Structures are given as C-alpha cells and as structure tokens.
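Working through the structure, step by step
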Amino acid sequence: GALVYQYPRRTICKSGTSMRMECQAVGFQATSVAWYRQSPQKTFELIALSTVNSAIKYEQNFTQEKFPISHPNLSFSSMTVLNAYLEDRGLYLCGARYTRNSDYTFGSGTRLLVI
Amino acid sequence: GDKVKQSPSALSLQEGTNSALRCNFSIAATTVQWFLQNPRGSLINLFYLVPGTKENGRLKSAFDSKESYSTLHIRDAQLEDSGTYFCAAEAASSGQKLVFGQGTILKVYL
C-alpha cells in the first residue's frame, strides 16, 4: 500500500531559529507533494504544491524565502521553516500522490512548537 | 467565503446508531477525499471519490458533482470511530490543490 513517512513527529524550536521536516513516500512515486499547515483551530492552509519537473507553487501568504521546499526525486520531499515565530506553530502535513487521478496520502504530521 | 463547507461541526453519537456528515462545495469539485484525523494528528484515508458512491464496511460515501456536495454515512457507530472527519475537494480551477473543509468532530459514546 501507499505510505508516507513524515519526521520528526514533534519538534520544539526557539523563536528565530529554523527547523526542517521530511517526508518519504513508500510504495508509490510521489510525483506531487503538497505541504499544509493545520492551525490550532484545525483549519488547513496549503503552503505550496510541488510537482517533479515543475516549479514549486506557493500559496498567498507563504513564500519560498520562509518555507523553502526540496523535492529532489519521486520518493522524498523536505520543507524548512526558517526563522520560526509563534505564528508558525501548528501541525505541518505533507501529502503525496502519484498522478492527477489518484488520491493524496498524508504523512503523520510534524507538530511545531515555538518557544 | 468557504469553498468547502462541512456540517455539522460537531456530533455526538451513541454506539450502534447511524449518522451522516456532509460537505457542500462552492467550487466545481471534480474529486473528493474523506479523511479521519486521529488524536495524534495523522490523516487516515477513508475514501477517494469521483462522482458516484463507495462503500467500505460501515462507511459509505457519495459525491454528486452536479449538486456540489458529498456525504459520509456512518452505520452502527463504534467507539473507535471517534475523531475529526475532514472532506477535501479538488477542482479543475484549483490545479492539483486539495481544499479542506473545517472538519466534523465526532464523539461516539456508550
């Protein structure tokens, strides 16, 4: 079956520092990877969508300068939260899919706490 | 306004009873996914739908693209069904982006 491993599960970082999270697709080729943030109020915000061999598309309010993403091959993607502050707290989730006609499979999320 | 409106926002069910969750779309949804988020935050895939219906055990889901809604029916609710249910839709106009609803918090009690 299709699985996405995401790590770390939880991280605490000091205000102003950076942290990196990674996702590994197992059992399928992750042609597209979408990174989301779920706020404490439970709403999901799309940060960016990465498709292999295409430019990464960031949503409004999110930038490459703040959330650089790497998607170097069909099984791996990473995202860094640079210069994290309190408003960056939340659960970050990566979802991957093989084709436009397939479902997204999500990792277990990285919970970011900023102190 | 919200592109994916999910209802109800919260629901309590006695074990063994049935209920339905609903999502209404203000975008021209082409596919829908339903997820269960467990207390640890993991999103568990329940259904991936093009217009039509699917059934898996005590769960059944339908997606009507013309009427712009999707439903998730839970039959014979069990304690382990508790959690937050999310629908998410994809539209041609939004590229490959999944747009999530606000979630339904389900609590099943004895």
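One can find the structure itself at the top, above this paragraph.
Note that the structure is predicted; figures quoted are calculated from it, not measured. (Residues numbered from 1 in each chain as written. Chains lettered and ligands numbered in written order. Predicted model: local features only at pLDDT ≥ 70, side-chain atom pairs only at ≥ 80, totals over all residues. Heavy atoms only, no water.)

Section: the state of the cysteines
- Taken as a whole and judged by the stated rule, the model has two disulfides over all chains.
- At a sulfur-sulfur separation of 1.7 Å, the disulfide partner of Cys23(A) is Cys94(A). An S-S torsion of about -100 degrees defines the bridge between Cys23(A) and Cys94(A) as left-handed. In this pair, Cys23(A) sits in strand β3 (residues 19-26) while Cys94(A) sits in strand β9 (residues 90-97), placing the two residues 71 residues apart along the sequence. No difference in accessibility class separates Cys23(A) from Cys94(A), as the two residues are buried.
- Each sulfur in the disulfide pair Cys23(B) and Cys87(B) lies 1.8 Å from the other. The chirality of the disulfide connecting Cys23(B) with Cys87(B) is left-handed, given an S-S dihedral of about -100 degrees. Within this pair, whereas Cys23(B) is found in strand β3 (residues 19-25), its partner Cys87(B) is found in strand β9 (residues 83-91), the two being separated by 64 residues in sequence.
- Owing to a relative accessible area of 0%, Cys87(B) belongs among the buried residues under this scheme.
- Unpaired in this structure, Cys13(A) has its nearest cysteine sulfur neighbour in Cys23(A), at a distance of 17 Å.
- Accessibility expressed as a relative area gives 6% for Cys13(A), which makes it buried. (Disulfide = S-S within 2.5 Å. Helix = DSSP H or I, 4+ residues; strand = E, 2+ residues; numbered from the N terminus. Buried < 20%, exposed > 50% of the residue type's maximum accessible area, 1.4 Å probe, protein only.)

In short, geometric facts, not functional conclusions.
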